[in-house]
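Examination of the molecular architecture
Residues per chain are reported as follows:
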Amino acid sequence: MSTFFLEQGNSNDEEILERLASLKSDDLSSDGHAFAFIYDAGDSVNNLARKAFASGMTGNGLDPTVYPSARRLENDLVGACLEHLRAPDDACGTITSGGTESVILSVKAARDYARQYRPEVSDPNILVPETAHASFHKAAHYLGVRLILVDIDPTTMRASVEDTKSKLDDNTILIVASAPSYAHGVIDPIVELGQLAQDKGVLLHVDACIGGWVLPFQRDNGVAIPDFDFQVPGVTSMSVDLHKYGFTPKGISVLLSRSRKLRDCQYYSCARWSGYSIVNPSILGSKSIAPMAAAWAIFQHLGKSGYRELVGSMWTATEKFVEGVSQIEGIKVLGKPTMGLIAVACGKSDVFELADRLTEAGWHVQPTYAFGNSPAHIHFSIDPGNSSRVDAFLVDLAAASKNLPEYSDAPEALVQLLEAVAQGGGGLDTSTMMAEFGIRDGKLPDKQATIHRLLNSCSPQAREKLLILFLGEMFS
Ligand SMILES: *Cc1c(COP(=O)(O)O)cnc(C)c1O
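This write-up is about the structure you can find in this document. Keep in mind that this is a model prediction, so the values were computed, not measured.

1. A look at the pattern of salt bridges
Scanning the model with the defined rule gives 20 salt bridges in all. The salt bridge partner of Asp123 is Arg146, with a shortest N-O separation of 2.6 Å. With Asp123 in the loop between helix H4 (99-117) and strand E2 (125-129) and Arg146 in strand E3 (residues 146-150), the pair connects residues that are 23 residues apart, well separated along the chain. A salt bridge links Glu360 to Lys447, with the shortest nitrogen-to-oxygen separation between them at 3.4 Å. Taken together, the positions of Glu360 in helix H11 (residues 351-360) and Lys447 in the loop between helix H15 (430-436) and helix H16 (449-457) put the pair 87 residues apart, joining distant regions of the chain. Since its relative accessible area comes to 53%, Lys447 is described here as exposed.

2. Details of the environment of Gly472
One can find Gly472 in helix H17 (residues 460-474). Here the alpha-carbon distance between Gly472 and Ser431, two residues 41 residues apart in the chain, equals 9.9 Å.

3. What to know about the nonpolar core
With 107 residues, the main nonpolar core has Phe321 and Phe380 as its most contacted residues. Among the elements that make up this core, the one with the highest residue count is helix H10 (residues 290-326) (14 residues). Once you skip the residues sitting within four places of it in the chain, Phe321 turns out to touch Phe35, Ile342, Val344, Phe380, Ile382, Val390, Phe393 and Leu394. Judged by nonpolar contacts, the second largest core, of 23 residues, contains Tyr113, Ala140, Leu143 and Ile173.

4. Details of the site of the ligand
For the ligand, the full set of nearby residues is Gly98, Gly99, Thr100, His133, Ser135, Tyr182, Asp207, Cys209, Ile210, Asp241, His243 and Lys244. Between the ligand and the protein, one listed contact pairs an oxygen atom with a side-chain N or O atom of His243 at 2.7 Å.

5. Considering the layout of surface pockets
A probe matching the size of a water molecule, rolled over the atoms, marks out where space remains unfilled. When its volume is computed, the second largest pocket comes out at roughly 540 Å³. Every residue lining the second largest pocket is counted, 27 residues in all, and those nearest its centre are Gly61, Pro64, Glu74, Tyr267 and Pro281. Listed by contribution, the elements that provide at least two residues to the lining of the second largest pocket are helix H3 (68-84), strand E1 (92-96) and strand E9 (278-280). Its residues placed into classes, the lining of the second largest pocket shows 13 nonpolar, nine polar and five charged.

6. Some words on unusual backbone geometry
Cis geometry marks the peptide bond from Ala179 to Pro180; its omega dihedral reads -10 degrees. Topologically, Pro180 is positioned in the loop between strand E4 (172-178) and helix H7 (190-200). One non-glycine residue with positive phi stands out, namely Met157, at about 65 degrees. Its place among the elements puts Met157 in the loop between E3 and helix H6 (161-167). The exposure class assigned to Met157 is buried, which follows from its relative accessible area of 1%. Backbone geometry places Asn403, a non-glycine residue, at a positive phi of 50 degrees. Positionally, Asn403 belongs in the loop between helix H13 (390-400) and helix H14 (412-422). Owing to a relative accessible area of 72%, Asn403 belongs among the exposed residues under this scheme.

Thresholds, definitions, all that
- Residues numbered from 1 in each chain as written.
- Predicted model: local features only at pLDDT ≥ 70, side-chain atom pairs only at ≥ 80, totals over all residues.
- Heavy atoms only, no water.
- Salt bridge = Lys/Arg side-chain N within 4 Å of Asp/Glu carboxyl O.
- Helix = DSSP H or I, 4+ residues; strand = E, 2+ residues; numbered from the N terminus.
- Buried < 20%, exposed > 50% of the residue type's maximum accessible area, 1.4 Å probe, protein only.
- Core = buried A, V, L, I, M, F, W, Y, C linked by side-chain atoms within 4.5 Å.
- Contact = heavy atoms within 4.5 Å.
- Near = heavy atom within 4 Å.
- Polar contact = N/O pair within 3.5 Å; in protein donor to acceptor, adjacent residues only side chain to side chain.
- 1 Å grid on protein atoms, 1.4 Å probe; cavity = no way out; pocket = protein on both sides within 12 Å on 5 of 7 lines; lining within 4 Å.
- Points joined across faces, edges and corners; volume = space filled by probe spheres on them.
- Nonpolar A, V, L, I, M, F, W, Y, C, P; charged D, E, K, R; others polar.

Right under this line is the structure:
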C-alpha cells in the first residue's frame, strides 16, 4: 500500500516539504568532496536560480505564440551561445532539455538532411570517436543510423584523423568530434576534421556539451585552446550544455546550427491526427520554461567577467591537480586536459582499489572502465566547489596510491557466469546476483572494487545488459 498517497489530503505544506527534504539525506551533497556529477557555483547563484526557476514554472514553451516569454528567453540564450562560439550571422539554434537531447537532435538533423539533399545515401552512417559521449550511440540506436567507431591516439586521447578518413564512405552523413571529451578533457583535431568534412561534403558536429561554455573563457584567460568552434570551416553544428558548466539547474542545453537549412531538418511537424497540428524544434512536446528562466537569470547575475573568474579558479585548481598527480609515483593523467576534466590511470595497479580508498577518505569519484585505447581510470570533474579542496585531495591521493595491489581481471568462471546471465541464462536471478554483490535497496556497498573489476572484465555488450537488469531491480 502506498505510504505517501493517502485517501486524506494534508494541508500542512510545511510538513510535506520537510518530508521531501528528508528524502535527500543520503543524496550526494555539493560540499566540495565530489569530483563528478556536481557543477556548483555556490549559494549566490543557486539562490537566484531557485527563484527564477520557480517563476518559469507555469508557462509552456510548446507554443511560443501563446507564451512570448518562452520565445524571448530562448532567443536571448541562443544568441549568447552563438556569440560565445563565434557563429556566423545566419547561424541559429534551439534550447533542449539536456546534452543527450541535443546530441540525438544533431544526428536526427544529419539523417534528415541526408534524406533531403543526398538521396543516394542508402544506409547512413556516422563516424564517432571512441571517446565521444555514449549519447551518440543512443542517437544511432534510436534513429536507425549506423555508428562507426573511430580510433583515438593512445597518448593524446584525440580522435585519429587518419582512421576517420579511412572509414568515411559514400554513406557517411556526419563526423562527430568532442570539445572536449568528457573522460579526458581533450579536444579532437577539429580543424583537420573540418577540412575532411568539407572535402567530402559531410556534416561535422562538435559536441561541446561539457566544455563549450568554458573553453572560450579559458581562451580569454590566456590559456592556449585549439580552435574548436564555428570559426573552423566545416563545423556545421555544436551542442553546449548550460546545466553543466553554465552552472544552471538541470534541464537545459543548446544545439546550434550553422544554417537554417540544417536546423529545418532538425524540426518536426505533424498535421496528421485529429488534434492540434504540432511543430516541435526538439524532441519534447510540452516544454518547461523554468530551466530557461533560471539560465537567463544566471547569465545576467554572473556576466562574462563572473564566468571568466570561475573558469580561472577552476583552471588554477586543474593545473595544481595535474601537477600533483605527476608527483605521485604509479599514477598518471591520460592525455593533456584543456579544462577541469581529468582521467587518472595507474598502469598495472588496481585503479578500482584506488577508487575505494578515495571513497573511504570521504571523496566521491567516478571509476571508469577500459574501452578501446582508453584504459580503466578514475574520472575527476573540477568545479568551483571542489577547487578549493584540491590540496587536501592530493594528500589523500598520494596516501591512497601507496602499495596498490596489481590489477587482475575477475576470475574467468565468474565472468563467464555474468556473460551468461546477461544473455538471460546462468540460472541466476537478478536480485540474488545483486545481493551476492552486496547491493541492497538500490545502494551499492562501500567497497565496490570487486563489482568494478567484474564489470571491467566483461564485454561491453554484457555490461550493457547487466546494467539494464540492475536498473530494472531498482524501480517498481
Ligand atoms: C554530459 C555530456 C553529454 C550528455 O549530456 P546530458 O546533459 O547528461 O544528457 C553529451 N556529451 C558530452 C561531452 C557530455 O559531457
